[in-house]
Amino acid sequence: MYYVRLALCLLLALFQFGKLKSDFKPSEIADLLRRANGEIDSKYGQIDVNESAYLVLGDSLLVIPQGRHYVFSYHKRRGTFLRIDRSEFHGHNFSRKLFVYKEEIYSFGGYGFWQTHGKLMRFSWNTREWELVVLKGTPPTGLPVLSFQRGD
């Protein structure tokens, strides 16, 4: 019993000092996505925020609406959505796939302007814009299919 109490006290201390990152519960994410539809939509025009438009990175929920390159950050302590990108509307990343790899945000594939593409893009934290990742060989074309192999 002593060790259980000691472990709980240690965990509580780590949370209080910010050593452990806060997680978002599924119900919190659903509520925040609904809220984002209202708050972001009112400032930036009609934007559809759904389950394919968010990522959790550390203690922030990132909202990246379909068809745009906008990146909004929500942090529990701040309590609001803050636009962190400098991108212009591009309109060629509908149905793209978002993922995080080594603390970097990536977007793979998409369609827009009557074309589909298999481009891999990375959000640059320095420039706050999306940059094309140059791949070796011929990039895939057509509707994007995202797959991972061990070691990738």
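This structure is a prediction, so every number in the text was calculated from the model and none was measured. (Residues numbered from 1 in each chain as written. Predicted model: local features only at pLDDT ≥ 70, side-chain atom pairs only at ≥ 80, totals over all residues. Heavy atoms only, no water.)

Asker: Quick question: what am I supposed to make of the sheet that holds strand β3 (residues 72–75) here?
Answerer: Hydrogen bonds along the backbone pair up the strands of a sheet, which may run parallel or antiparallel. Within the open sheet, the four strands sit side by side as β1-β2-β3-β4. Their pairing is antiparallel. Each edge of the sheet is formed by a strand with only one pairing partner; in this case those strands are β1 (54–57) and β4 (81–83). Strand-to-strand twist in this sheet, taken as the mean axis angle between neighbours without regard to direction, amounts to 30°. Bridging between β3 and β4 involves three bridges; their strand directions are antiparallel. Among the inter-strand pairings, Tyr74 is bridged to a residue of β4, identified as Phe81. (Pairing = 2+ DSSP bridges. Helix = DSSP H or I, 4+ residues; strand = E, 2+ residues; numbered from the N terminus. Axes fitted to C-alpha atoms, helices over the stretch in contact; angles between N-to-C directions.)

Asker: Can you help me understand unusual backbone geometry in this one?
Answerer: Backbone phi values are negative for most residues with the exception of glycine, while trans is the configuration of most peptide bonds. Within the chain, Lys102 stands out as a residue other than glycine whose phi angle is a positive 50°. Among the structural elements, Lys102 can be located in the loop between β5 (97–101) and β6 (104–112). A residue is classified by how much of its surface remains accessible, and Lys102, at 64% relative accessible area, is exposed. Of note in this structure, Glu103 is not a glycine but carries a positive phi near 65°. By the secondary structure assignment, Glu103 is in the loop between β5 and β6. (Buried < 20%, exposed > 50% of the residue type's maximum accessible area, 1.4 Å probe, protein only.)

Asker: Help me understand the sheet that holds β5, please; the structure alone is not making it clear to me.
Answerer: Here we have four strands laid out as an open sheet, ordered β5-β6-β7-β8, and antiparallel in their pairing. Each edge of the open sheet is held by one strand with a lone partner, namely β5 and β8 (130–132). With strand direction ignored, the average angle separating the axes of adjacent strands in the sheet is 30°.

Asker: Explanation requested: the pattern of salt bridges in the structure shown.
Answerer: Any two side chains of opposite charge can pair if their charged atoms end up close together. In the structure shown here, the tally under the stated rule is five salt bridges. A salt bridge links Arg34 to Asp31, with the nearest nitrogen and oxygen atoms 2.5 Å apart. With Arg34 and Asp31 both in helix α2 (residues 26–44) and three residues apart, this pair spans about one turn of that helix. When its relative accessible area of 56% is taken as the criterion, Arg34 is described as exposed. (Salt bridge = Lys/Arg side-chain N within 4 Å of Asp/Glu carboxyl O.)

Asker: Would you explain the packing of aromatic side chains in this entry?
Answerer: Centre-to-centre distance and the angle between the planes together describe a pair of aromatic rings. By the definition in use, this model includes five aromatic pairs. Seen from their ring centres, Phe123 and Trp125 are 5.2 Å apart, and the 90° between their planes marks the pair as edge-to-face. Judged by its relative accessible area of 0%, Phe123 is buried. A relative accessible area of 29% means that Trp125 is categorised as partly exposed. (Phe/Tyr/Trp six-rings, centres within 6.5 Å; stacked < 30°, edge-to-face > 60°.)

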